[in-house]
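Given next are the chains, with one letter for each unit.
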Amino acid sequence: MRVHKSSEDYLEAILMLKERRGYVRSVDVANELAFTKASVSVAMKKLRESGYVQVDEDGGLILTEAGLAIARRVYDRHRLLTEFFVRLGVDPEVAARDACRVEHDLSEQTFEKLVEHAQKKFEKDS
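Residues numbered from 1 in each chain as written. Predicted model: local features only at pLDDT ≥ 70, side-chain atom pairs only at ≥ 80, totals over all residues. Heavy atoms only, no water.

## Focus on the packing of helix H4 (residues 65-87) against helix H5 (residues 92-102)
Definition in use: Between N-to-C directions, angles cover 0 to 180 degrees, with each direction set by a line fitted to C-alpha atoms, over the stretch in contact for helices. Note on conventions: DSSP H or I runs of at least 4 residues are helices, E runs of at least 2 residues are strands, and numbering of each starts at the N terminus. By the definition adopted for this analysis, an angle is roughly parallel if under 35 degrees, roughly antiparallel if over 145, roughly perpendicular if from 65 to 115, and oblique otherwise. For any helix crossing, the convention is left-handed if the near helix is rotated counterclockwise from the far helix by under a right angle, and right-handed if that rotation is clockwise. The contact criterion used is simple: two residues touch if any of their non-hydrogen atoms lie within 4.5 Å. Nonpolar residues are Ala, Val, Leu, Ile, Met, Phe, Trp, Tyr, Cys and Pro. Charged residues are Asp, Glu, Lys and Arg, and all others, Gly as well, are polar.
Relative orientation of the contacting elements H4 and H5 amounts to 135°, with a least axis distance of 8 Å. With respect to their mutual orientation, H4 and H5 come out oblique. You can see that H4 and H5 cross each other, and the crossing is right-handed. Every residue of H5 that contacts H4 at His 78, Leu 81, Thr 82, Phe 85 and Val 86 is listed here: Pro 92, Ala 95, Ala 96, Asp 98, Ala 99, Cys 100 and Val 102. Here the residues of the contact of H4 with H5 sort into 9 nonpolar, 2 polar and 1 charged.

## So, the side chain of His 78
Under the convention used in this document: Categorising residues by exposure relies on relative accessible area from a 1.4 Å probe, with only protein chains included: less than 20% of the type maximum marks a residue as buried, more than 50% marks it as exposed, and the intermediate range marks it as partly exposed.
For His 78, the location among the structural elements is in helix H4. Note on His 78: relative accessible area 15%, which makes it buried. When residues no more than four places from it in sequence are discounted, the contact partners of His 78 are Glu 12, Ala 96, Ala 99, Cys 100 and Glu 103.

## Quick word on the environment of Asp 98
What counts is decided by this rule: Each polar contact in these results corresponds to two N or O atoms within 3.5 Å; when the atoms are within protein, one needs to be able to donate a hydrogen and the other to accept it, and residues that are neighboring in sequence are counted only if both atoms are side-chain atoms.
Tracing the backbone through its elements, the reader meets Asp 98 in helix H5. Spatially, the C-alpha atoms of Asp 98 and Leu 81 are 8.4 Å apart, while their sequence positions differ by 17 residues. A polar side-chain atom of Asp 98 sits 2.9 Å from a polar atom in the side chain of Arg 101.

## Observations regarding the pattern of salt bridges
The following threshold applies: A carboxyl oxygen of Asp or Glu within 4 Å of a side-chain nitrogen of Lys or Arg is what we treat as a salt bridge.
In total, this model carries 12 salt bridges according to the counting rule given. For Asp 28, the salt bridge identified is with Arg 21, shortest N-O distance 2.8 Å. Residue Lys 45 is joined to Glu 49 by a salt bridge in which the shortest nitrogen-to-oxygen separation is 3.3 Å. On the criterion of helical spacing, the pair formed by Lys 45 and Glu 49 is a turn pair, its members being 4 residues apart in helix H3 (residues 37-49). Overall, Lys 45 belongs to the partly exposed group, its relative accessible area being 44%. Since its relative accessible area comes to 58%, Glu 49 is described here as exposed. Taken together, the salt bridges that share partners define one network made up of Arg 21, Arg 25 and Asp 28.

Okay, here's the thing in structure tokens:
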């Protein structure tokens, strides 16, 4: 289930937009990520061909089961890392940017250990 960072970013953006708005079009993804419509169009074609995204009759983007699994994994990592960094005292905007950079590159083992450590630390401090 390993895909490129850029594909993960697109899938995560589709999930986030779907949760916020209920409906997602390519133009919404372009605006969210500050990419050109042409770049998003090319990416959506690749994601459709890879079986991660479908397009409904109105042009709405729908994550497939495989696409949703990737998007959730990345989005969950993003939220947990952001919260962890904020609890360390990092400014929330900086924490969110850093989480976006780190979420793609941490191994599953390192991420799990980081979460485990954070849970113990924050439970102890509560």
